[in-house]
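If you want the building blocks of each chain, they are given just below.
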Amino acid sequence: MDLQAYFDRIGFAGEARPDVATLRALHRAHLKAIPYEAIDVQLGKPLTPDPAAAFDKIVTRRRGGWCYEMNGLLGWALTEIGFKVTRMAGAAMREFRGDFTIGSHLVLLVDLGVPWIADVGFGDGTLDPFPLRAGPLTVDGYEFRVEALDERWWRFHNHEFGGAKSFDFAVEPAEPAVLAEKCAWLQSAPESHFRLYLICQRYRGDEILQLIGRTFCRVRPGLKEERIIASADELVSVLKDDFTLDVPEAAGLWPGIVTRHEQVLAAAAAS
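Here the structure is a predicted model, which is why all the values come from computation and not from measurement. (Residues numbered from 1 in each chain as written. Predicted model: local features only at pLDDT ≥ 70, side-chain atom pairs only at ≥ 80, totals over all residues. Heavy atoms only, no water.)

In terms of regular secondary structure, the protein chain is built from 10 helices and 13 strands. Against the compact-globule benchmark of 18 Å for 271 residues, the protein chain has a radius of gyration of 18 Å, which places it among compact chains. Projected onto its principal axes, the C-alpha positions of the protein chain cover 50 × 40 × 40 Å. Sorting the 271 residues of the protein chain into buried and exposed places 52% on the buried side. Here the protein chain displays about 11900 Å² of accessible surface, and carbon together with sulfur accounts for 53% of that area. Here the protein chain carries 30 positive and 38 negative side-chain charges, and the mean point of each set is 2 Å from the other. (Helix = DSSP H or I, 4+ residues; strand = E, 2+ residues; numbered from the N terminus. Rg over C-alpha atoms; globule rule 2.2 N^0.38 Å. Buried < 20%, exposed > 50% of the residue type's maximum accessible area, 1.4 Å probe, protein only. Areas by Shrake-Rupley, 256 points an atom, 1.4 Å probe, with all protein chains shown as cover. Lys, Arg positive; Asp, Glu negative; His and termini not counted. Charge placed at Lys NZ, Arg CZ, Asp CG, Glu CD.)

The structure is reproduced here in structure tokens:
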């Protein structure tokens, strides 16, 4: 794991120091350069919360990653620079699904005299890190909100078109076993969204791009446009051209993607 190779991957050329300016620059550069993706779950390739595995995949092989990989890699880099970083067990959509989701998201707490939250692993969350305090948060026109739920738990509310609406986190170190267990569950459980859908997201220019199954969306503040991917070849092209992901084997996922899309439409029509 080489820090300069990570800097090259995200296009960071400044002086890296354990300060707010460096944290912001790295956070934004990471999200602009590296797509959020969980294609390997669909392909049946095992993933772990190990930052070394994330480095190999994201930096060496120039893929993207999901929360355990994206935040795992950023957390490693920040620690190498000299930041004090705590890995926390987040809970995606806990407001709807309860405590079962604890560990389904990895969140970073960065100590800069006051606590900051760094999160490049939520797919379409905020481009910038933010100090931990309750209230609204506007970044590049996208509206977010941070809520203190009680003395222990906090909730991050995503923008109005977010792929996931929220995640919760407690300000305490994560138990590695909790993260590993939930990482494995998300890859193996039939009801896991990552098993059900091919998911990719990224920031590009002033847009957020989202691919959920065969639905491709372009999001700007206050505006969402979507279209339906028509074929396996188009899927592979969108992954390569729009998400910088050269994964030709994704074409083999197409029949399952189409079947799941039709199931969702049928369920919506019946409800």
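Take the nonpolar core next. Residues Tyr6, Ile10, Leu73, Ile117 and Phe169 are the most contacted members of the largest nonpolar core, which totals 47 residues. The element best represented in this core is helix α5 (residues 67-81), accounting for 7 residues. Not counting chain neighbours up to four residues away, the residues in contact with Leu73 comprise Tyr6, His30, Ala54, Phe55, Ile58 and Val59. Of all hydrophobic cores here, the second largest spans 19 residues; its members include Leu211, Leu235, Ala250 and Trp254. (Core = buried A, V, L, I, M, F, W, Y, C linked by side-chain atoms within 4.5 Å. Contact = heavy atoms within 4.5 Å.)

Moving on to α5. Helix length check: α5, at 15 residues, gives a terminal C-alpha distance of 21 Å against a target of 21 Å (1.5 Å per residue), a fit within 8%. The buried count for α5 comes to 13 of 15 residues, which makes it a mostly enclosed element. Backbone geometry just downstream of α5 places Gly82 in the positive-phi region, at approximately 125°. (Expected span 1.5 Å × (residues − 1).)

Tallied over the entire structure, the rule returns 14 aromatic pairs. For the ring pair Phe144 and Phe156, a centre distance of 5.6 Å and an interplane angle of 25° mean the geometry is stacked. Of the two residues, Phe144 is situated in strand β7 (residues 142-148) and Phe156 in strand β8 (residues 153-157); the sequence distance between them amounts to 12 residues. Taken as a pair, Phe144 and Phe156 share a single burial class, namely buried. Here the aromatic residues Phe122, Phe130, Phe144, Phe156, Phe167 and Phe169 are joined through ring pairs into a cluster of three or more. One residue, Arg94, lies across the ring of Trp153, its end atom 4.0 Å from the ring centre. Across the ring face of Trp185, the terminal group of Lys182 is positioned such that the distance to the ring centre comes to 5.5 Å. (Phe/Tyr/Trp six-rings, centres within 6.5 Å; stacked < 30°, edge-to-face > 60°. Lys NZ or Arg CZ within 6 Å of the ring centre and 35° of its normal.)

Another point: the side chain of Ser104. Structurally, Ser104 is set in strand β3 (residues 102-111). A polar atom in the side chain of Ser104 sits 2.6 Å from the backbone oxygen of Thr101. Residue contacts for Ser104: discarding those within four places in its chain leaves Cys67, Tyr68, Gly90, Ala91, Ala92, Lys182 and Leu186. (Polar contact = N/O pair within 3.5 Å; in protein donor to acceptor, adjacent residues only side chain to side chain.)

A word on the sheet that holds strand β11 (residues 207-212). Sheet architecture is open: 5 strands sit in the order β1-β10-β11-β12-β13, paired in antiparallel fashion. Two strands bound the open sheet, and with one partner strand each, they are β1 (36-37) and β13 (223-228). As paired elements, β1 and strand β10 (residues 199-204) share 2 bridges and run antiparallel to each other. Bridged to Glu37 within β10 is Cys200. (Pairing = 2+ DSSP bridges.)

Here the focus is the pattern of salt bridges. What the rule picks out here adds up to 21 salt bridges. One salt bridge connects Lys45 with Glu249, and the closest N-O pair in it is separated by 3.3 Å. You can see Lys45 sitting in the loop between α3 (39-43) and α4 (51-60) and its partner Glu249 sitting in the loop between α9 (232-243) and α10 (254-270), a full 204 residues away along the chain. Lys45 gets classed as partly exposed once you look at its relative accessible area, which sits at 38%. (Salt bridge = Lys/Arg side-chain N within 4 Å of Asp/Glu carboxyl O.)

Now for the packing of helix α1 (residues 3-10) against helix α2 (residues 20-33). Where α1 meets α2, the closest approach of the two axes is 8 Å, and the angle between their N-to-C directions is 60°. Two secondary-structure elements touch here, α1 through Tyr6, Phe7, Arg9 and Ile10 and α2 through Leu26, Ala29, His30 and Ala33. Counted by class, the contact of α1 with α2 contains 6 nonpolar, 1 polar and 1 charged residues. (Axes fitted to C-alpha atoms, helices over the stretch in contact; angles between N-to-C directions. Nonpolar A, V, L, I, M, F, W, Y, C, P; charged D, E, K, R; others polar.)

Turning our attention to the pairing of β7. Where strand β6 (residues 135-139) lies against β7, 5 bridges are found, and the strand directions are antiparallel. Residue pairing in the sheet places Pro136 in a bridge with Arg145 of β7. As consecutive antiparallel partners, β6 and β7 are separated by 2 residues, and within that stretch Asp140 has a phi angle of approximately 55°, a positive value. Note: β7 against β8, 4 bridges, orientation antiparallel. Residue pairing in the sheet places Val146 in a bridge with Phe156 of β8. What sits between the antiparallel neighbours β7 and β8 is a turn of 4 residues.

It is worth stressing that arrangement in space is one thing and function is another; only the former is reported here.
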